[in-house]
Amino acid sequence: MLVPRPTRVEIDLVALRHNFLEIQRTVGADCDVLAVVKANAYGHGVSHVAPILAAAGADLFGVALLEEGVELRRLGIKQPIIILGSVFHGQEVEVLQHQLTPVLYDLTCAHQLDRAASEAGRTIDYHLKVDTGMGRLGFRVKLLDEVLPVLKSLKNLNMTGLMSHLAVADEPERSLTGLQYQAFAGVVDKVESFGFTPCYRHIANSAGIYSRKLTGCNMVRPGISLYGGLTGGPFDPSFSQQPVMRFVSQVAQLKELPAGEGISYGHRFVTSRDSKVAAIPVGYADGYNRLLTNCGEVLIHGQRFPVAGTVCMDWILIDVTDLADVQIGDDVTLLGRDGDEIITAEEWADKVGSITYEVFCNISKRVPRVFVNGPTQAHCLQG
Ligand SMILES: *Cc1c(COP(=O)(O)O)cnc(C)c1O
């Protein structure tokens, strides 16, 4: 078998399961959990993440794309799969074939799905999306009086869920979230008054779950909190979440340089003393953000060392002058824990002006995901 370079992502499946069970405990027995596994489970590797969550008790799964839903069926996921994004014209047959549940917020799409279902002699379950303040997808509330009779007339479509999406749930001091809940309660009444009986009503993402009571809802849609990346905000203090991902590599080259040497592209770092520099085989093509130039840190032997100079496509350089016994092949932690030190996704996100979600999603395909603490110690190159 081909031996890959030592740069890899380790996914702790026990931590993943723990985070899922924490969410389940928080929302209680009367509320179902839809596990959001879009974008390759936020970069964590859906092939292993989805089966672990299914075994832990995920009631439904959420993806952004039809393609991602098809992939989940291929992995053997039997639970309802909600396509949180769009179903595009031409994809209706696949929706039927793989028993996927589209989210509807467009009447053209509704008609196309109804026709495809009719031609197949089947019905399609869907969740209706209403825009209560996100300003993105969803029917505006004031359009519902026009929309609902049309949906009612489409006999091959079956509304099994009613949903909306929160815009500022991660800032609990803002009043908008309360207003969105209020608007959603009105929407539930309106939809029911037209004779629909959707069994699921849901609005909360991870921050929504941990920031307020889920009045009127019986399902939640956590994504980032499954992966230990929910940060900031005065969330429920009883909440204990563990990081799932470590991003690691090894020292590939070591060199001694005199004071006054420029290193890496642009010579943005110049040694101020006799220095020792380590080259690590990871770069922006792997998702090591180029904005970490001269400001990222990594862990070696459980201590922090700075990125020296420009992050390259395939390499970073680390100033290890202060580490006496460093050797080629020593482990380097880019993200995650080594001994008592930890580099969190939040720290990394703050440095590059982003959010933990993007840090995870940007770790590219060419970095193998290695799954640890699983029922089987499985390795896989992508997926
Ligand atoms: C991605 C997504 C979520 C999950 O959000 P997190 O903040 O990661 O918990 C929930 N609902 C919808 C509609 C989404 O697209």
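These numbers were taken from a predicted model, which means no experiment stands behind them.

(A) Layout of the overall build of the protein chain. Tallying secondary structure elements over the protein chain gives eleven helices and 22 strands in all. The principal-axis extent of the C-alpha atoms belonging to the protein chain is close to 80 × 50 × 40 Å. Here the contacts in the protein chain between residues at least 6 apart in sequence split such that 66% fall between residues at least 24 apart. A total accessible area of about 16,900 Å² is found for the protein chain, and carbon and sulfur atoms account for 52% of it. The distance from the centre of the 34 positive side-chain charges to the centre of the 42 negative ones in the protein chain is 5 Å.

(B) Representation of the nonpolar core in the model. Val 37, Leu 53, Phe 61, Leu 128, Leu 151, Tyr 288 and Ile 318 are the most contacted members of the largest nonpolar core, which has 114 residues in total. Mapped onto the domain boundaries, this core takes at least three residues apiece from domain 1 (13-227) and domain 2 (245-343). Non-local contacts of Leu 53, meaning those with residues more than four positions away in its chain, are made with Leu 16, Phe 20, Ala 35, Val 37, Ala 58, Phe 61 and Leu 226. Formed by seven residues, the second largest nonpolar core is a distinct cluster that contains Leu 257, Ile 263, Ala 279 and Leu 317.

(C) Representation of the site of the ligand in the model. Taken together, 13 residues lie around the ligand, and Lys 38, Tyr 42, Ser 206, Ile 224 and Tyr 357 are the ones closest in. Taking Tyr 42, its side chain carries an N or O atom lying 2.5 Å from an oxygen atom of the ligand. Compared with its free state, where it exposes 390 Å², the ligand has 92% of that area covered by protein. Considered class by class, the residues forming the shell around the ligand number six nonpolar, four polar and three charged.

(D) Main features of unusual backbone geometry. In this model, His 267 sits at a positive phi of 45°, which is unusual for a non-glycine residue. If you trace the backbone, His 267 turns up in the loop between strand E13 (262-263) and strand E14 (269-270). Of note, His 301 is a non-glycine position whose phi angle comes to about 50°, a positive value.

(E) Inspection of the domain arrangement of the protein chain at higher detail. Here the domain parsing of the protein chain yields domain 1 (13-227) and domain 2 (245-343). On a C-alpha basis, the centroid separation for the pair domain 1 and domain 2 is 42 Å.

(F) Layout of the environment of Asn 218. One can find Asn 218 in the loop between helix H9 (206-211) and strand E10 (219-220). Overall, Asn 218 belongs to the buried group, its relative accessible area being 17%. Considering only alpha carbons, one finds Asn 218 and Arg 201, 17 residues apart in sequence, at a separation of 5.7 Å. When sequence neighbours within four positions are dropped, the list of residues in contact with Asn 218 reads Asp 30, Cys 31, Asp 32, Cys 199, Tyr 200 and Arg 201. Reaching out from Asn 218, the side chain makes a polar contact with the backbone oxygen of Cys 199 at a distance of 2.7 Å. A distance of 2.8 Å separates the side chain of Asn 218 from the backbone nitrogen of Arg 201, its partner in a polar contact.

(G) Helix H8 (residues 176-193), seen in detail. With 18 residues, H8 should cover 26 Å at 1.5 Å per step; its first-to-last C-alpha distance of 26 Å lies within 8% of that length. Of the residues making up H8, those classed as buried are Thr 177, Gln 180, Tyr 181, Phe 184, Val 187, Val 188 and Val 191. For H8, the angular spread of buried residues about the axis comes to 120°, placing them on one side. The exposed residues of H8 that point more than 90 degrees off its buried face are Gln 182, Asp 189 and Ser 193. The secondary structure elements touched by the buried residues of H8 are strand E6 (124-131), helix H7 (144-153), strand E8 (157-163) and strand E9 (200-202). Phi turns positive, to about 90°, at Gly 195, one or two residues after H8.

(H) Focus on the side chain of Glu 92. Within the element layout of this structure, Glu 92 appears in helix H5 (residues 92-97). Buried within the structure, Glu 92 lacks any salt-bridge partner; Arg 115 is the closest side chain of opposite charge, at an N-O distance of 7.2 Å. In terms of polar contacts, Glu 92 uses its side chain to reach the backbone amide nitrogen of Gly 90, at 2.8 Å.

(I) The pairing of strand E17 (residues 303-306), seen in detail. Where strand E16 (residues 297-300) meets E17, four bridges bridge the pair, whose relative direction is antiparallel. Bridge pairing in E17 places Ile 300 opposite Gln 303. Between E16 and E17, which pair antiparallel in sequence order, lie two residues; one of them, His 301, sits at a positive phi of approximately 50°.

(J) Quick peek at the state of the cysteines. Applying the stated criterion to the full structure yields zero disulfides. In this structure Cys 199 is a free cysteine whose sulfur lies 13 Å from that of Cys 31, the closest cysteine sulfur available.

(K) Geometry of the packing of aromatic side chains. Evaluated as defined, the whole model comprises four aromatic pairs. Seen in terms of ring centroids, Tyr 42 and Tyr 357 are 6.0 Å apart; in terms of plane orientation they differ by 35°. Their pairing is tilted. Here Tyr 42, found in helix H2 (residues 38-43), pairs with Tyr 357, found in helix H11 (residues 356-361); they are 315 residues apart in sequence, far enough to count as distant. Classification of Tyr 357 as partly exposed rests on a relative accessible area of 33%. Joined through ring pairs, the aromatic side chains of Tyr 42, Tyr 227 and Tyr 357 make up one cluster. Stacked on the ring of Phe 196, the Lys or Arg Lys 152 has its end atom at 4.5 Å from the ring centre.

Calculation criteria
Residues numbered from 1 in each chain as written. Predicted model: local features only at pLDDT ≥ 70, side-chain atom pairs only at ≥ 80, totals over all residues. Heavy atoms only, no water. Helix = DSSP H or I, 4+ residues; strand = E, 2+ residues; numbered from the N terminus. Contact = heavy atoms within 4.5 Å. Areas by Shrake-Rupley, 256 points an atom, 1.4 Å probe, with all protein chains shown as cover. Lys, Arg positive; Asp, Glu negative; His and termini not counted. Charge placed at Lys NZ, Arg CZ, Asp CG, Glu CD. Core = buried A, V, L, I, M, F, W, Y, C linked by side-chain atoms within 4.5 Å. Buried < 20%, exposed > 50% of the residue type's maximum accessible area, 1.4 Å probe, protein only. Domains from an automatic or database assignment. Near = heavy atom within 4 Å. Polar contact = N/O pair within 3.5 Å; in protein donor to acceptor, adjacent residues only side chain to side chain. Nonpolar A, V, L, I, M, F, W, Y, C, P; charged D, E, K, R; others polar. Expected span 1.5 Å × (residues − 1). Arc of directions from axis to C-beta. Salt bridge = Lys/Arg side-chain N within 4 Å of Asp/Glu carboxyl O. Pairing = 2+ DSSP bridges. Disulfide = S-S within 2.5 Å. Phe/Tyr/Trp six-rings, centres within 6.5 Å; stacked < 30°, edge-to-face > 60°. Lys NZ or Arg CZ within 6 Å of the ring centre and 35° of its normal.

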